[in-house]
Structures are given as structure tokens and as C-alpha cells.
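Coordinate inspection notes
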Amino acid sequence: MADYERQKMNAAIEAARYVKDGMTIGLGTGTTSYYLIRELGRRVKEEGLHITAVCTSKRTEELARENGINITDSIQSTIDLTIDGADQINFYGTLIKGGGGALLREKIVAYNSKEMYVIVDSRKIETVHFGSFPLPVEIVPFLHMKTVDNLKIFCKNTDLRRTDKGEIFVTDNGNYIADMHMDRIEDPVDLERSLKSIPGVVEVGLFNGIAKRIFEGTENGCNIYKITQKGIEREETYFDR
């Protein structure tokens, strides 16, 4: 049985090697980002690494502070590098993100970065059934069910995200999330454009043309892919971490 937690850890550790002294870093949200933050915290303490982080959620900010990483939400220059996870990746490097509910801040940070690297386990690259992971869409609370109805024009199986207690899930921005169970997305660029034209939609969990590298963790190391116009291409492979 695959050890996905070890894969996530290996991807995060390898990506953390690209973080250099003096950088401003965008830190993602989610289980894979946990291992990244922990590794960067280790480098801060043991190697004297000096970095400043822009966090994509309150959870990430708390974790970064616990690991001794300097935090800011006001930067004057471009973010050097954002490292974040993904819920699914297609052959051309388009991401589905937002499973953790932080897609708006994640996209703002990634868009304003010189580069974005993605850290994932071996389940996340899906070249055939991209879209089998539900597509998150952040929407404003005002008339939110009307917005959900408009989303259902594109996907009938769309529902409002709720917590384990059955309450409406609320993002750090005070918004709601609708999850679109599409099974397969043929044209993510056109879909993102269409969904964002709906009044009430704040952001869509499709990241088109933003990521530059993918770090796919294995149980013994990490595969590194670069994203080109032709698709994802293996760049390097590391073993025996």
C-alpha cells in the first residue's frame, strides 16, 4: 500500500531546496504544505535561513509562526516563489485547487509570484479524467443559492460545501464555496472564463498557466516536472531521501 504521507513529505522537502536566503515566499494551505512549512522552519532554525512568507490562510499563518518563519501580508515587491499543493493536475499543468477552502488567497498569491511550484503525491496527476476531483468555486453569501443555481447550468451536480456539523463552510474571506462534481473537464480555460462571468462568483479553483514546476513525491524520493506548452515533462528524479 502506498505511503502518501511520505510522498507528500518527500515532495515538500525537495521543493524547499529551491528556497534561497532573502526570498519572499508564498506558502500554500493543506496537508502537503504542512511538510513544506515544517522543513522551512527547520532550515530557519538550523541553517539561519532568512525568508519572509505570505500565507494563504489563517491555518498556514499559525503553522508558519509556530515554526519561526517571518510573516507579512504587506509586500512592496513581487513574491519570489510560491510553493503550494494541488487537488488535481492535468497533462498541461492546469491545477484544481480549493479542497482546503483557500483557493482565493492561493490564487492571489500565486498570480503575484515570479514562479509557482506545486508539491503533490502520486495520486494527483490525472491526464485522462481531469475534473474527477470536485471543482471548488468561491461565491459571495448574498443570494448564494441563486449563484449555485447558475453554476448548475454548467454542472447539475453542484452543491454548497458544508462542515462536518452540517453548517455552511465559510472561507477566511467570509465567503462560501460551491463544489462542482463534473467528473471530467475538457476545456479548463473556457470553463474558468465562463464561470467567472457569473455575478456572485468570486474565484474559480482552476489555475491555468500559473504553475511552472511540479514536485511529485514518491516513497523513495521525488519526480520533478517542468510545465511547457507541450505539457508536463520530467526534468529530474531523486531517490533515497
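For the structure itself, look to the data block above.
Source: prediction; values computed, not measured.

The three strands are arranged 5-6-12 in an open sheet whose pairing can be described as antiparallel. This sheet does not close on itself; its edge strands, each paired only once, are strand 5 (88-89) and strand 12 (206-207). Where strand 5 lies against strand 6 (residues 95-96), two bridges are found, and the strand directions are antiparallel. By the bridge assignment, Ile89 is partnered in strand 6 with Leu95.

Another point: the sheet that holds strand 10 (residues 176-180). If you trace the four strands from one edge of the open sheet to the other, you get 9-10-8-11, paired in antiparallel fashion. Two strands lie at the open edges of the sheet, namely strand 9 (158-160) and strand 11 (201-204), each paired on one side alone. Taking the axes of each pair of neighbouring strands and ignoring which way they run, one obtains an average angle of 25 degrees across the sheet. Two strands pair when backbone bridges link them, and strand 8 (residues 135-139) and strand 11 are joined in this way by three bridges, in the antiparallel orientation. Opposite Ile139, over in strand 11, you have Val201 as the bridge partner. Sheet strands in contact with helix 4 (residues 103-111) are strand 8, strand 10 and strand 11, and its direction is about 65 degrees off that of strand 11.

This next bit is on helix 5 (residues 144-151). In an α-helix, one turn spans 3.6 residues, which is why side chains three or four residues apart end up on the same side. Residues of helix 5 that are buried include every one of His144, Thr147, Val148 and Leu151, and no others. Along the long axis of helix 5, the arc covered by the buried residues comes to 100 degrees, so they all point the same way. For helix 5, the elements touching its buried residues are strand 8, strand 9, strand 10, helix 6 (188-196) and strand 11.

As a further point, take the packing of helix 1 (residues 4-16) against helix 2 (residues 31-47). The interhelical angle for the contact between helix 1 and helix 2, taken along N-to-C directions, is 45 degrees, at an axis separation of 8 Å. Taken together, the axis directions place helix 1 and helix 2 in an arrangement best described as oblique. The handedness of the crossing between helix 1 and helix 2 is right-handed. Here Glu5, Lys8, Met9, Ala12, Ile13 and Ala16 of helix 1 lie close against helix 2, whose contacting residues are Thr31, Thr32, Tyr35, Leu36, Arg38, Glu39, Leu40 and Arg43. Of the residues in the contact of helix 1 with helix 2, the class split is seven nonpolar, two polar and five charged.

Cut-offs and rules
Residues numbered from 1 in each chain as written. Predicted model: local features only at pLDDT ≥ 70, side-chain atom pairs only at ≥ 80, totals over all residues. Heavy atoms only, no water. Pairing = 2+ DSSP bridges. Helix = DSSP H or I, 4+ residues; strand = E, 2+ residues; numbered from the N terminus. Axes fitted to C-alpha atoms, helices over the stretch in contact; angles between N-to-C directions. Contact = heavy atoms within 4.5 Å. Buried < 20%, exposed > 50% of the residue type's maximum accessible area, 1.4 Å probe, protein only. Arc of directions from axis to C-beta. Parallel < 35°, antiparallel > 145°, perpendicular 65-115°, else oblique. Left-handed = near helix turned anticlockwise from the far one by under 90°. Nonpolar A, V, L, I, M, F, W, Y, C, P; charged D, E, K, R; others polar.

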